[in-house]
Amino acid sequence: MRWLWTPAWIARHVAMVVLVGSFLGLGWWQISRATAGNNLSWGYAVEWPIFAGFVVYVWWREVRLARRAAQGGAVSPGAPADEPAPAASADSRPAVRRPVRVIRAPAAATPGDDAALAAYNDYLSWLNANPGARPGDYPG
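What counts and how
Residues numbered from 1 in each chain as written. Predicted model: local features only at pLDDT ≥ 70, side-chain atom pairs only at ≥ 80, totals over all residues. Heavy atoms only, no water. Helix = DSSP H or I, 4+ residues; strand = E, 2+ residues; numbered from the N terminus. Polar contact = N/O pair within 3.5 Å; in protein donor to acceptor, adjacent residues only side chain to side chain. Contact = heavy atoms within 4.5 Å. Salt bridge = Lys/Arg side-chain N within 4 Å of Asp/Glu carboxyl O. Buried < 20%, exposed > 50% of the residue type's maximum accessible area, 1.4 Å probe, protein only. Patch = residues over 30% accessible without salt bridge, like charges linked within 9 Å, V, L, I, M, F, W, Y side chains within 5 Å. Areas by Shrake-Rupley, 256 points an atom, 1.4 Å probe, with all protein chains shown as cover. Phe/Tyr/Trp six-rings, centres within 6.5 Å; stacked < 30°, edge-to-face > 60°. Core = buried A, V, L, I, M, F, W, Y, C linked by side-chain atoms within 4.5 Å.

**A short note on the side chain of S41**
Then, number 1: With respect to the secondary-structure elements, S41 resides in helix α2 (residues 41-71).
Then, number 2: Engagement of the side chain of S41 in a polar contact is seen with the side chain of N38, the distance being 3.2 Å.
Then, number 3: Beyond its immediate stretch of four places on either side in the chain, S41 contacts Q30, R33 and A34.

The following block contains the structure:
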C-alpha cells in the first residue's frame, strides 16, 4: 500500500477531496438558491452531487487498477475479464506499428452506365477545371 502515498497519488487524493468537497458545496448552494425561489436551481442541486459521485468513482477505479498492477495482475482498463492479460516483462514497451496506407482506385466505368450520370460527371469535371466559372458558363 506504499504506492498510495507517492507524490503523484497524494496529488490525486487531494484533488479528489477538493473536487468532492467543492461539488457538494456547490450542490448545497444550489439548494439554498432553489429554496429562495429559483426553480432552475433544483436541477443543479441534483447534478452537483452526481458530479461528486463520479469523481469518487473514477478515483476508486484508479486505485483499484493501480492495486491490481502492483499485485502483478496488470490488466488494461478496456480488457475483458474473461480474456487472459498478455504477458509483459517489466522493461517491455508496447509495439509501435507503421500506419497502413490504403490506396483507393476509382471504379471503372462500364458501357452500360447511365448517360445522365456521365453528363453530370462531365459537368462537375468542367467546373473543377474552371474554378472562376459560373454554372451558366458551361458549354455543354
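On we go from here.
**Structural notes on the pattern of salt bridges**
Then, number 1: Applying the stated criterion across every chain, the model contains two salt bridges.
Then, number 2: Between R61 and E62 there is a salt bridge; the shortest N-O distance is 3.8 Å.
Then, number 3: The residue R134 makes a salt bridge to D137 at a minimum N-O spacing of 3.9 Å.
Then, number 4: The class of R134 is exposed, set by a relative accessible area of 58%.
Then, number 5: Overall, D137 belongs to the partly exposed group, its relative accessible area being 40%.

**Brief notes about a nonpolar patch on the surface**
Then, number 1: Together, W5, I10, V14 and V18 line one region of the surface with nonpolar side chains, adding up to about 410 Å² of accessible area.
Then, number 2: Counting through the fold element by element, V14 comes out in helix α1 (residues 7-35).
Then, number 3: By relative accessible area, which is 47% here, V14 ends up partly exposed.

**Some words on the packing of aromatic side chains**
Any two aromatic rings considered together are summarised by their centre-to-centre distance and by the angle between their planes.
Then, number 1: All told, the structure shown has seven aromatic pairs when counted by the stated rule.
Then, number 2: Arranged with centres 5.4 Å apart and planes meeting at 85 degrees, the rings of W48 and F51 form a pair that is edge-to-face. Separated by three residues within a single helix, W48 and F51 lie in helix α2, roughly one turn from each other.
Then, number 3: We classify F51 as partly exposed; its relative accessible area is 37%.
Then, number 4: Look at W126 and Y138: their rings are 5.3 Å apart centre to centre, the planes differ by 65 degrees, and that puts the pair in the edge-to-face class. Taken together, the residues W126 in helix α3 (residues 115-129) and Y138 in the segment after α3 connect sequence positions twelve residues apart.

**Considering the nonpolar core**
Then, number 1: Counting five residues, the largest nonpolar core is built from M16, V20, F23, A52 and V55.
Then, number 2: Every element with two or more residues in this core is listed here: α1 and α2.
Then, number 3: It is α1 that contributes the most residues to this core, three residues altogether.
Then, number 4: Setting aside anything within four residues of it in sequence, one finds F23 in contact with W48, F51, A52 and V55.

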